[in-house]
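Breakdown of the fold
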Amino acid sequence: MTARKDSILTDATGWGGEPAPEGVRLQKVLAAAGVASRRVSEQYIVEGRVEVNGEIVTELGRRIDPETDLVSVDGVAVQLDPAKRYYMLNKPRGVVSSMRDEQGRPDLTRFTDDLEERVFNVGRLDAETSGLLLLTNDGDLAHVLAHPSFGVSKTYIAKVTGRVTPQVIQQLKNGIELEDGPIKADKARILQQQGDDRHSMVELTLHSGRNRIVRRMLDAVGHPVVDLVRRSFGPLNLGTLRSGQMRELTKVERGQLLTISRAADAGREGNES
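Residues numbered from 1 in each chain as written. Predicted model: local features only at pLDDT ≥ 70, side-chain atom pairs only at ≥ 80, totals over all residues. Heavy atoms only, no water.

Considering the environment of threonine 136
Here threonine 136 lies in strand β9 (residues 129-136). Residue classification places threonine 136 among the buried positions, given a relative accessible area of 0%. Along the primary structure threonine 136 and tyrosine 87 are separated by 49 residues, whereas in three dimensions their C-alpha atoms are 6.3 Å apart. Setting aside its immediate chain neighbours within four residues, threonine 136 contacts Arg85, Tyr86, Val119, Phe120, Val122 and Ala142. Of note is the side chain of threonine 136, whose polar atom sits 2.7 Å from the backbone oxygen of arginine 85. (Helix = DSSP H or I, 4+ residues; strand = E, 2+ residues; numbered from the N terminus. Buried < 20%, exposed > 50% of the residue type's maximum accessible area, 1.4 Å probe, protein only. Contact = heavy atoms within 4.5 Å. Polar contact = N/O pair within 3.5 Å; in protein donor to acceptor, adjacent residues only side chain to side chain.)

Below is the structure:
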């Protein structure tokens, strides 16, 4: 944060000690955020690919306040606050989604203790479910991603007992009734059948945040879960990240998440007006 404030102060002082216009040049902000070099950032601005607070900016002299203004390039949000951190963890089975487990079970601190900043998990995976878990110190983003009303989808791969038929898949997509209300999968498909019909592999995508919802859905249609992995969360995908490994999100991934968050904020403001 210190370096960022220093850059703002430097940019705000003119020749002979005369105050320069307030703010930082837009191309400088883009370069500092890692979007592109300052020269390429200038080209983006001239080409009309940069927006500030929802408005296209084409003049190179435009100055902004990185602390309050919202910037996007080609419709994708740009992260300007270096204090905000975002990590993807491939949570192993047997680890609870908590920063402190009162029962003494393995928790997320084994992955976060060495981080300089304090982060928290976005949503939860039950102890026996492995896969993608997002950790961040960005509370606003976490609220959007975790709340089912914003429709952020999650994709799971489940190994279940028995032979899953196309009729069962259609039932999951049409909707089933659980004790806490109806639920349906946004998408569902069979990935693999084993020759002895003892197990099947299925993929489910849904945006519900209800507790153990995938396990309860599959149990309700007669195919209890043997193993469950969350492969994707919104635009994020585990890819080749191994169980127990954690990495920071890429610039592109951060932009995708921030774009979702800003769209949700805009929608809330529209509903309130």
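Observations regarding the sheet that holds strand β2 (residues 50-52)
Sheet strands associate in pairs through backbone hydrogen bonding, adopting either a parallel or an antiparallel arrangement. Spatial ordering of the open sheet is given by β3-β2-β5-β6, a layout of four strands whose pairing is antiparallel. Each of the sheet's edge strands pairs with one partner strand only, and the pair in question is β3 (55-57) and β6 (76-77). Inspection of the sheet shows strand β5 (residues 71-73) paired to β6 by two bridges, in the antiparallel sense. What sits directly across from serine 72, in β6, is alanine 77. (Pairing = 2+ DSSP bridges.)

Overview of the side chain of lysine 154
With respect to the helices and strands, lysine 154 occurs in strand β10 (residues 154-161). In this structure, lysine 154 is buried with no salt-bridge partner, the nearest side chain bearing the opposite charge being aspartate 186 at 8.6 Å. Discounting chain neighbours no more than four positions away, the residues touching lysine 154 are Leu145, Leu204, Thr205, Leu206, His207, Ser208, Gly209, Arg230, Ser232 and Phe233. (Lys, Arg positive; Asp, Glu negative; His and termini not counted. Salt bridge = Lys/Arg side-chain N within 4 Å of Asp/Glu carboxyl O.)

Quick look at unusual backbone geometry
Positive phi, normally seen in glycine, also occurs at asparagine 53, with a value near 55°. For asparagine 53, the position within the fold is in the loop between β2 and β3. Positive phi is not limited to glycine here, since aspartate 74 has a value of about 55°.

Brief notes about the side chain of aspartate 107
Along the polypeptide, aspartate 107 turns up in the loop between β7 (86-91) and α4 (109-112). Within the local environment of aspartate 107, its side chain forms a polar contact with the backbone nitrogen of aspartate 101, the two atoms lying 3.2 Å apart.

Some remarks on the pattern of salt bridges
In total, this model carries 17 salt bridges according to the counting rule given. A salt bridge links glutamate 248 to arginine 85, with the shortest nitrogen-to-oxygen separation between them at 2.8 Å. Separated by 163 residues along the polypeptide, glutamate 248 in strand β17 (residues 246-248) and arginine 85 in the loop between β6 and β7 bring together distant segments of the chain. By relative accessible area, glutamate 248 is classed as partly exposed at 37%.

Side note on the nonpolar core
Counting residues in hydrophobic clusters, the biggest one holds 31 residues, and the most contacted among them are Leu172, Val202, Leu204, Val214, Met217 and Leu218. At the level of secondary structure, the elements contributing two or more residues to this core comprise β7, β9, β10, α6 (166-174), β11 (176-178), β14 (199-206), α7 (213-220) and β15 (225-233). The dominant element in this core, judged by the number of residues it contributes, is α7, at four residues. Ignoring sequence-local partners within four residues, the contact set of leucine 218 consists of Ala158, Val160, Leu172, Val202, Leu204, His223, Pro224 and Val225. (Core = buried A, V, L, I, M, F, W, Y, C linked by side-chain atoms within 4.5 Å.)

A word on the pairing of β15
Bridge count for β9 against β15 is three bridges, and the pairing is parallel. Across the sheet, residue serine 130 finds its bridge partner in β15, namely valine 229. Here seven bridges tie β10 to β15, and the two strands are oriented antiparallel to one another. When the bridges of β15 are listed, valine 160 appears paired with valine 225. Here β15 runs beside strand β16 (residues 236-237); their pairing, made up of two bridges, is antiparallel.

A closer look at α7
Most of α7 sits out of view: six of its eight residues are buried. Residues Ile213, Val214, Arg215, Arg216, Met217 and Leu218 constitute the buried set of α7. Positive backbone phi, approximately 90°, marks glycine 222, located one or two places after α7.

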